[in-house]
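# Commentary on secondary and tertiary structure
Chain residues, written in single-letter form:
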Amino acid sequence: MAYLVSITSRAERDLAQLYGHINADNSSAALKWYMGLKEAILSLEEHPSRCPTVRAQDKLRHLLYGHKPHIYRVIYRVFEKQKRVEVLHIRHGARRKPKASDLA
C-alpha cells in the first residue's frame, strides 16, 4: 500500500522560495529541475524508508536531490501506522559525508 505524502506549510514556502530563486518561470532547465525535485518528493509514497535518518534526530529522514553545487535536502518523517509521509523542510547546501580517502 502506498503512503500518503503531505507537505507542511513550511515546506510549501521552501518550495515557493526555491522556485523563485532558480527563476523557474523564465528557464526551462530550471523548471525541469524543479519538477524533478517535486517528483522525487512524491516518490516517497512508494519507498519512504529508503533514505537515511538525520544524524541528530533518528525519527527524521532526509532525501538528497540534485548535484553539486545545487544539492537540496528534503527533511521528512514517516508515520508507519498511518501510512503517511510528512515533508517538513527543504534546505539548500546539503553536504555528502566525507569518505576516508577524502581525509587522508
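Now for a quick tour of the structure. All residue numbers refer to positions counted from 1 along the written sequence of the respective chain. Predicted model: local features are reported for residues with pLDDT of at least 70 only, side-chain atom pairs are reported and counted for 80 or more only, and whole-chain, interface and lining totals are derived from all residues. Only heavy atoms go into the side-chain values, all of them from the structure, while hydrogens and water stay out.

When helices and strands are counted, the protein shows 3 helices and 5 strands. Counting from the N terminus, the helices are DSSP H or I runs at least four residues long and the strands are E runs at least two residues long. Secondary structure elements in the protein, listed N-terminal to C-terminal, are β-α-α-β-β-β-β-α. Each residue's exposure class comes from its accessible area (1.4 Å probe, protein chains only) as a fraction of the maximum for that residue type: buried when under 20%, exposed when over 50%, partly exposed otherwise. A total of 104 residues make up the protein; the buried ones form 35% of that total. Residues count as neighbours in contact if any of their non-hydrogen atoms are within 4.5 Å of one another. Contacts in the protein between residues far apart in sequence, at least 24 positions, make up 41% of those at least 6 positions apart. Exposure was quantified through the Shrake-Rupley algorithm and a 1.4 Å probe, taking into account, for residues, occlusion by the shown protein chains and nothing else. A total of about 7300 Å² of accessible surface is found on the protein, and carbon and sulfur atoms cover 52% of it.

One finds L37, I41, V74, Y76, V85 and V87 to be the most contacted residues of the largest nonpolar core, which totals 20 residues. Contributing elements (two or more residues each) for this core: α1 (9-21), α2 (28-42), β3 (57-65), β4 (72-79) and β5 (84-92). Apart from residues no more than four positions distant in its own chain, V87 is found in contact with V5, S6, I7, T8, A11, I41, V74, I75 and Y76. Take the buried Ala, Val, Leu, Ile, Met, Phe, Trp, Tyr and Cys residues and link them wherever side-chain atoms come within 4.5 Å; each set so joined is a nonpolar core.

Our focus in this paragraph is the side chain of R61. Tracing the sequence through the fold places R61 in strand β3. At 6.3 Å, E80 is the nearest oppositely charged side chain to R61, a buried residue that forms no salt bridge. Engagement of the side chain of R61 in a polar contact is seen with the backbone oxygen of S49, the distance being 3.4 Å. R61 has contacts with P48, S49, C51, P52, T53, V54, V74, I75, Y76 and V78, leaving out every residue within four places of it along the chain. Only four residue types enter the charge count: Lys and Arg as positive, Asp and Glu as negative, with His and the chain ends excluded. Each reported salt bridge corresponds to a side-chain nitrogen of Lys or Arg within 4 Å of a carboxyl oxygen of Asp or Glu. Between N or O atoms, a polar contact is any pair within 3.5 Å; within protein, one atom must be a potential hydrogen donor and the other a potential acceptor, and residues adjacent in sequence are included only when both atoms are from side chains.

Given a helix with a known number of residues, its expected span is that number minus one, times 1.5 Å. Look at α2: 21 Å from first C-alpha to last across 15 residues, which is about the 21 Å you get at 1.5 Å a residue. In this structure, the buried residues of α2 make contact with β1 (4-7), α1, β3, β4 and β5.

Moving on: the environment of G66. Summarising the element assignment, G66 is placed in the loop between β3 and β4. Judged by its relative accessible area of 28%, G66 is partly exposed. Along the backbone, G66 and Y34 are 32 residues apart, and their C-alpha atoms lie at a distance of 9.8 Å. Those residues in contact with G66 that lie beyond four places of it in its chain are W33 and I71.

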